[in-house]
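So the chains spell out like this:
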Amino acid sequence: MKFRLARHTNSIEELANFYVKIIGLDLLDEFKNHSGYDGVFIGKNNLDWHLEFTQTIEKVNHTFDDDDLLVFYPGTQSEYDEIIVRINKNNITHSVPKNPYWQTNGITIQNPDGHYVIISKQRINEI
């Protein structure tokens with residue numbers, strides 16, 4: 001089974017830059033003016049999941065709860081450290097997560113739409 005998380009946005013370019021240049025994902029594909037929609041697919045090559053962001057002229061008003069999270073588990077300490085360097089280099093403010101678990105087990109930031117993103121200190125093989 002494959003998985004896609006699709007979400008509409010007003011900031012497609014900013015989101016693409018955030019997930020590719022800061023988080024370290026790959027721009028897998030994109031499309032322009034498909035029935036009025038522009039879109040990007042972001043993930044990692046050869047994995048069975050990706051994020052899709054679409055944009056139209058419609059203005060979107062997202063409301064995210066403090067427990068609505070995207071959690072990324074870097075595969076190595078080096079990958080984790082590189083993400084943190086990019087976060088700090090780009091002056092992205094760390095947030096305090098509502099869930100106490102993430103206060104000690106990850107770094108919390110917000111993407112350009114205000115959605116919380118966790119970079120876990122645990123490796124994927126530890127969960």
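Before reading on, note that the structure itself is shown above.
No experiment lies behind these values; they were computed from the predicted model shown. Per chain, residues are indexed from 1 in the order of the written sequence. Totals for whole chains, interfaces and linings use every residue, but because this is a predicted model, local features are given only for residues with pLDDT of at least 70 and side-chain atom pairs only at 80 or more, for both listing and counting. Values reported for side chains reflect all heavy atoms of the structure, with hydrogen atoms and water molecules removed beforehand.

How should the sheet that holds strand E6 (residues 106-110) be read in this particular structure?
By way of backbone hydrogen bonds, the strands of a sheet pair with one another, either parallel or antiparallel. What the 3 strands build is an open sheet, ordered E5-E7-E6; its pairing is mixed. Two strands lie at the open edges of the sheet, namely strand E5 (69-72) and E6, each paired on one side alone. With strand direction ignored, the average angle separating the axes of adjacent strands in the sheet is 25 degrees. Most of the contacts of helix H2 (residues 77-89) go to strand E7 (residues 116-120), to which it runs at about 140 degrees, and overall it touches E6 and E7. A pair of strands counts as paired when DSSP detects no fewer than two bridges linking them. A run of DSSP states H or I qualifies as a helix once it reaches four residues; a run of E qualifies as a strand once it reaches two. Both are numbered from the N-terminal end. Here the axes come from fitting lines to C-alpha atoms, over the contacting stretch only for helices, and the angles between their N-to-C directions go from 0 to 180 degrees. A contact between two residues is defined here by any heavy atoms of the two lying within 4.5 Å.

How should I be thinking about H2 in this particular structure?
Helical periodicity: at 3.6 residues per turn, an α-helix aligns residues three or four positions apart in one direction. A helix's residues, less one, multiplied by 1.5 Å, set its expected span. Between its first and last C-alpha atoms H2 spans 18 Å; for 13 residues at 1.5 Å apiece the expected length is 18 Å, and the two agree. Turning to H2, the residues buried within the fold contact helix H1 (12-22), E6 and E7.

Help me understand the pattern of salt bridges in this model?
A pair is scored as a salt bridge if a Lys or Arg side-chain nitrogen falls within 4 Å of a carboxyl oxygen belonging to Asp or Glu. Evaluation of the coordinates by the stated rule reveals 3 salt bridges. Among the ionic pairs, Asp-113 bridges to Arg-7, the shortest N-O distance being 2.8 Å. Highlighted residues: Asp-113 in the loop between E6 and E7 and Arg-7 in strand E1 (residues 3-8), separated in sequence by 106 residues. Exposure remark for Arg-7: the relative accessible area of 15% places this residue in the buried category. A salt bridge links Asp-67 to Lys-98, with the shortest nitrogen-to-oxygen separation between them at 3.3 Å. With Asp-67 in the loop between strand E4 (49-55) and E5 and Lys-98 in the loop between H2 and helix H3 (100-105), this residue pair connects regions lying 31 residues apart in the sequence. Look at Asp-67 and you get partly exposed, because its relative accessible area is 40%. Relative accessibility thresholds used throughout: buried, under 20% of the residue-type maximum; exposed, over 50%; partly exposed, between the two (1.4 Å probe, protein chains only).

Explanation requested: the nonpolar core in the structure shown.
Note on soluble globular proteins: their nonpolar side chains tend to be buried together. Residues Tyr-19, Ile-23 and Phe-72 are the most contacted members of the largest nonpolar core, which totals 23 residues. The set of elements that each furnish at least two residues to this core consists of H1, strand E3 (37-43), E4, E5, H2, E6 and E7. If you tally residues by element for this core, the top one is H1, at 6 residues. Residues contacting Tyr-19, with those up to four places away along its chain left out, are Gly-24, Leu-25, Ile-42, Leu-51, Phe-53, Leu-70, Phe-72, Asn-111 and Val-117. What makes a nonpolar core is a set of buried Ala, Val, Leu, Ile, Met, Phe, Trp, Tyr and Cys residues whose side-chain atoms join them at distances within 4.5 Å.

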